[in-house]
Amino acid sequence: MDMKEKEKEKITLKKILNEFEIYIGTVVFLALTVLLTVQVVSRYVFKHSFTWTEEAAVVMFVWLIYLGVAAAVTKRKHLKIDALITVLPFKGKKVLLILDNVICFGFCIGIVPPFTSIIRNQIEKNAVTSLLRWPKAVIYSIIPICMVLTCIRLVQDTIRLCKENEKELGQSKPTIDIEALERQAAALKAQKEQEQKEQVKEAK
C-alpha cells in the first residue's frame, strides 16, 4: 500500500468517525421507510394490519430525531436565528457563535443526568414495550448517548470556529458537495485522458 492509498484510507476513516451518526441515521430512516410502506400496503391492499410495526416506527422515529440533532451540528444545519450575527463585525460574530455553542453544550449536558436516572429506573423495573417486548432502557438510552455525541460535535465545531477566517466563519457544510464532486470528476477525466495519451505514445 503506497502513501496515496494510506492517505485516502485515513481520510475515509476520519470521515466515517466524524459523520457516523449520519450513516446510522440513514440506515434507521431506510428501515423506517420500509416498515411504513409494508404497513400501508398490508392495510389497504391485503386488509390486514401489523400492529407491531407502529410501535417499531415510533421508536425508530425518536432515534432518528436525536441522531439528526448530532448530525445537524456536524453539518451546521441546526436551526438558529442569525439576524443579530449577520450585522456584527468579524470578532463579535465569532464570539457570539462560540457562545451559542457553549450554551447548547450546557443544555445537552444538563439533559443527560435526568435521562440516566430514567434509564436506571427502567432497568430496575425490567420495563419493556407492550408489543415487541423491547427493553425501554435500551430505547431511552439513545437520548443521553446522542446528547453526549452532540456535545462532542459542538466542541469540534467550536475548535473549527476558532480557526476560521472571516469568509469561512460559521458557514454550513453542504449535505452533498456538488463542487467537490465536479472537481473529482474533472480530475478523473484529466487522469484518463493522460493515460490514453501515454497509451497512444507507447503504441507508436
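Structure shown above.
To start, this report covers the structure provided alongside it. (Residues numbered from 1 in each chain as written. Predicted model: local features only at pLDDT ≥ 70, side-chain atom pairs only at ≥ 80, totals over all residues. Heavy atoms only, no water.)

## Digging into the environment of Ala127
- When you line up the elements, Ala127 lands in the loop between helix 4 (90–125) and helix 5 (136–140).
- C-alpha separation for the pair Ala127 and Ala137, spaced 10 residues apart in sequence, amounts to 7.4 Å.
- Once residues lying within four places of it in the same chain are set aside, the contact partners of Ala127 are Gln122, Trp134, Pro135 and Lys136. (Helix = DSSP H or I, 4+ residues; strand = E, 2+ residues; numbered from the N terminus. Contact = heavy atoms within 4.5 Å.)

## Observations regarding unusual backbone geometry
- Phi angles above zero are rare outside glycine, and Lys47 is one such case at about 55°.
- Note on placement: Lys47 falls in the loop between helix 1 (3–44) and helix 2 (51–75).
- You can call Lys47 exposed: its relative accessible area is 69%.
- One non-glycine residue, Asn126, adopts positive backbone phi at about 55°.
- Positionally, Asn126 belongs in the loop between helix 4 and helix 5. (Buried < 20%, exposed > 50% of the residue type's maximum accessible area, 1.4 Å probe, protein only.)

## Here's the deal with the nonpolar core
- Of all hydrophobic cores here, the largest spans 16 residues; its most connected members are Val28, Leu32, Leu35, Met60, Ile143 and Met147.
- If you list the elements that add at least two residues to this core, you get helix 1, helix 2, helix 4 and helix 6 (142–163).
- In contact with Met147, not counting residues within four places along its chain, are Tyr66, Val69, Cys108, Ile111 and Val112. (Core = buried A, V, L, I, M, F, W, Y, C linked by side-chain atoms within 4.5 Å.)

## Let's talk about helix 2
- Compared with an ideal rise of 1.5 Å per residue, which puts 25 residues at 36 Å, helix 2 spans 36 Å between its outermost C-alpha atoms and is within 8% of the ideal.
- With its phi angle positive at about 55°, Arg76 sits one or two positions after the end of helix 2. (Expected span 1.5 Å × (residues − 1).)

## Things to note about the packing of helix 2 against helix 6
- Contact geometry of helix 2 with helix 6 gives a least axis separation of 8 Å together with a crossing angle of 10°. Classified by the angle between their axes, helix 2 and helix 6 sit roughly parallel to one another. Contacts between helix 2 and helix 6 pair Trp63, Tyr66, Leu67, Val69, Ala70, Val73 and Thr74 from the former with Ile142, Ile143, Cys146, Met147, Leu149, Thr150, Arg153, Leu154 and Arg160 from the latter.
- When the residues that make up the contact of helix 2 with helix 6 are grouped by side-chain class, the tally is 12 nonpolar, two polar and two charged. (Axes fitted to C-alpha atoms, helices over the stretch in contact; angles between N-to-C directions. Parallel < 35°, antiparallel > 145°, perpendicular 65-115°, else oblique. Nonpolar A, V, L, I, M, F, W, Y, C, P; charged D, E, K, R; others polar.)

## Section: the pattern of salt bridges
- For the structure on display, the rule yields three salt bridges.
- Between Arg153 and Glu21 there is a salt bridge, with the nearest N and O atoms lying 2.8 Å from each other. Here Glu21 lies in helix 1 and Arg153 lies in helix 6, a separation of 132 residues in the sequence. Pair check on accessibility: Arg153 and Glu21 agree, each one buried.
- Close ionic contact of Glu54 with Arg43 constitutes a salt bridge, the shortest N to O distance being 2.7 Å. (Salt bridge = Lys/Arg side-chain N within 4 Å of Asp/Glu carboxyl O.)

None of this, on its own, says anything about what the molecule does.
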